[in-house]
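# Geometric and topological summary
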Amino acid sequence: MYRKDDTSYFIVDAHVALWDARAENQRNIHGKQFIDCFYDYHRNLSPESELWSYEEYLYQGGDRLMHDLFEVGHVDHAIFQPAHLGEFYHKGFGQTEEASELAAAHPDKLTYNHHFDPRNGEQGLDQLRLDAEKYHLKGVKLYTAEWHGESRGYKLDDPWAYRYFEECRKLGIKNIHVHKGPTIRPLDRDAFDVADVDHVASDFTDLNFVVEHCGLPRLEDFCWIATQEPNVYAGLAVAIPFMHTRPKYFAQIMGELLYWLGEDRIFFSSDYALWTPKWLVESFVDFQIPDELSEYPKITTDQKKKILGLNAAKLYDIPVPAELQLADADETATGPRGADEMVGA
């Protein structure tokens, strides 16, 4: 755990990956375009001291992940959120075998989520059943803009997607993580639109929909959906490194999320290996809403504790030492923070 000024924080990194983007795994030019776009995000949003070489970025491996997260990164537990991208990479982008074996070897530190694609139909449903049993899945990660033959994306409210969510119910897979954020070359931006989250969250109230990257650049759309759907959560992957390059922008993101969702439905995520968690954890603990953005209240220590780990720990039943736990916030299930105190409410 991370400790600063006599305060301790239990850290859950809710979005990490092991990937292989080396040339021998690239199926076509799109594999190179994808990792190059990742590297541009890394270079443009990281402090100079945290920059990796391009060759390092293509592949990290499990030993480095364990070092970067748990030996120096302040992380207590991390959750794998793999992207397959089989149209771009021979063995897939996210390394299923390596990541799942690492999680199996360190169950106290790592949880492995898998992926599915509803465009695989009945065969994919059979595979989901096998994967759920093999990996003991509590969650999955979906990439709605992933290419599949001639298709360049799908929607969460497609009929086949509903078949998969119904199967998730039966299998006990309650946490549905969905990339709804900035596009990555060559994927289509509009295939990451957040509108379909509204539909499925209403129809599957017993599932949790974690919107990774909190819908950026559609933050307003996401907030208006999430404030009405108590089973919708915000992941801070990609948003949180803006603390370094555009702190006022990040403050606005946090201010809006805290107003509309409250502190109980926001997750810290480094998006490793896009960024390493050490500097993100340290920076977030020190971060504060600037005085000039006076419409937003200051972020409290308890709110930071929840966002940095306690929220994700609760969703995934990750044990938290008693001395690091907090009482649940007394918040309304839906609607913006403080809405019940508004005139005329």
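Now for a quick tour of the structure. (Residues numbered from 1 in each chain as written. Predicted model: local features only at pLDDT ≥ 70, side-chain atom pairs only at ≥ 80, totals over all residues. Heavy atoms only, no water.)

### Points about the environment of Phe-165
Note the following rule: Put simply, DSSP marks the helices as runs of H or I at least four residues long and the strands as runs of E at least two long, and each gets a number from the N terminus on. Burial classification: accessible surface area is computed with a 1.4 Å probe over protein chains only, and a residue below 20% of its type maximum counts as buried, one above 50% as exposed, and the rest as partly exposed. Here, two residues are considered to be in contact whenever any of their heavy atoms come within 4.5 Å of each other.
Note on placement: Phe-165 falls in helix 6 (residues 159–171). Residue classification places Phe-165 among the buried positions, given a relative accessible area of 0%. Each C-alpha atom, one on Phe-165 and one on Tyr-135, is 18 Å from the other, the two residues being 30 residues apart in sequence. Aside from chain neighbours lying at most four places away, what touches Phe-165 is Phe-116, Leu-142, Leu-156, Ile-176, Val-200, Phe-204, Leu-207 and Phe-209.

### Here's the deal with the sheet that holds strand 10 (residues 266–267)
Sheet strands pair by backbone hydrogen bonding; their relative direction is either parallel or antiparallel. Note the cut-off: Two strands pair if DSSP finds at least two bridges between them.
A sheet is described by the order of its strands in space; here five strands give the open sequence 6-7-8-9-10, paired in parallel fashion. Taken across any chain shown, the strands that pair with only one partner, and hence form the sheet edges, are strand 6 (139–142) and strand 10. Where strand 9 (residues 232–235) lies against strand 10, two bridges are found, and the strand directions are parallel. Within the sheet, the bridge partner assigned to Gly-235 lies in strand 10 and is Phe-267.

### Some words on the packing of aromatic side chains
Going by this rule: Geometry of aromatic contacts follows a simple scheme: Phe, Tyr and Trp rings, the Trp one being its six-membered ring, pair when their centres are within 6.5 Å, and the pair is stacked under 30 degrees between planes, edge-to-face over 60, tilted otherwise. Each ring is checked for a lysine NZ or an arginine CZ that lies within 6 Å of its centre and within 35 degrees of its normal; such an atom marks a charge sitting over the ring.
Following the criterion strictly, the structure yields 28 aromatic pairs and no others. Here Trp-52 and Tyr-57 contribute two aromatic rings whose centre-to-centre distance is 5.9 Å and whose plane-to-plane angle is 80°, an arrangement assigned as edge-to-face. The rings of Trp-19, Phe-34, Phe-38, Tyr-39, Trp-52, Tyr-54, Tyr-57, Tyr-89, Phe-93 and Tyr-272 are connected pair by pair, giving a single aromatic cluster. Taking NZ or CZ as reference, Arg-22 lies 3.9 Å from the ring centre of Tyr-59, over its face. Over the face of the ring belonging to Trp-52 we find Arg-64, whose NZ or CZ atom lies 3.8 Å from the ring centre.

### Let's talk about the pairing of strand 6
Selection criterion: Look down the strands so they point away from you; if the path from the first strand over the helix to the second goes clockwise, the crossover is right-handed.
Alternating positions in strand 6 separate into two faces, Gly-139 and Lys-141 on one and Val-140 and Leu-142 on the other, with burial throughout. Of the pairings in the sheet, the one linking strand 6 to strand 7 (residues 175–179) comprises four bridges and is parallel in character. The residue of strand 7 that forms the bridge with Lys-141 is His-177. Tracing the backbone out of strand 6, into helix 6 and back to the parallel element strand 7 gives a crossover that is right-handed.

### Some words on the nonpolar core
Put simply, the test is: For the purposes of this section, nonpolar cores are sets of buried Ala, Val, Leu, Ile, Met, Phe, Trp, Tyr and Cys residues that join through side-chain atoms within 4.5 Å.
Ranked by size, the top nonpolar core spans 108 residues in total, and within it Phe-165 and Leu-257 carry the most contacts. Counting residues per element, this core draws most heavily on helix 10 (residues 247–260), which supplies seven residues. Filtering out sequence-adjacent residues up to four positions away, Leu-257 remains in contact with Cys-214, Leu-219, Phe-222, Cys-223, Ala-234, Leu-236, Gly-262 and Ile-266. Counting residues in hydrophobic clusters, the runner-up holds 15 residues, among them Phe-267, Ala-312, Ala-313 and Leu-324.

### Regarding unusual backbone geometry
Cis rather than trans, the peptide bond between Arg-185 and Pro-186 has omega equal to 10°. Relative to the helices and strands, Pro-186 is located in the loop between strand 7 and helix 7 (195–203). Between Leu-216 and the following residue, Pro-217, the backbone shows a cis peptide bond with an omega angle of 5°. Here Pro-217 is to be found in the loop between strand 8 (208–212) and helix 8 (219–226). One non-glycine residue, Asp-5, adopts positive backbone phi at about 55°. Looking at where Asp-5 falls in the secondary structure, it is placed in the loop between strand 1 (2–4) and strand 2 (7–9). One non-glycine residue with positive phi stands out, namely Val-238, at about 75°.

### Some details on the side chain of Lys-305
Under the convention used in this document: Here Asp and Glu are counted as negative and Lys and Arg as positive; His is not counted, and neither are the chain ends. Any carboxyl oxygen of Asp or Glu that lies within 4 Å of a side-chain nitrogen of Lys or Arg is treated as forming a salt bridge with it.
Along the chain, the position of Lys-305 falls in helix 12 (residues 301–316). Summary of buried charges: Lys-305 has no salt-bridge partner, and the nearest side chain of opposite charge, Asp-302, is 4.6 Å away.

### A closer look at the packing of helix 11 (residues 277–286) against helix 12
How two helices sit against one another is set out by the angle between their axes and by the gap between those axes. For clarity, the cut-off: Convention adopted: a line fitted to C-alpha atoms gives each axis, helices being fitted over their contacting stretch, and angles between N-to-C directions are expressed from 0 to 180 degrees. An angle below 35 degrees is treated as roughly parallel, one above 145 as roughly antiparallel, one from 65 to 115 as roughly perpendicular, and anything else as oblique. We call a crossing left-handed when the near helix sits turned anticlockwise from the far one by less than a right angle, and right-handed when that turn is clockwise. Each residue receives one of three labels: charged for Asp, Glu, Lys and Arg, nonpolar for Ala, Val, Leu, Ile, Met, Phe, Trp, Tyr, Cys and Pro, and polar for the others, Gly being one of them.
Between helix 11 and helix 12, whose axes approach to 10 Å, the crossing angle comes to 160°. In terms of axis orientation, helix 11 runs roughly antiparallel to helix 12. The crossing of helix 11 and helix 12 is right-handed. Mapping the contact onto sequence places Phe-284, Val-285 and Asp-286 in helix 11 and Lys-304, Ile-307 and Leu-308 in helix 12. Looking at the contact of helix 11 with helix 12 residue by residue, the classes come out as four nonpolar, no polar and two charged.

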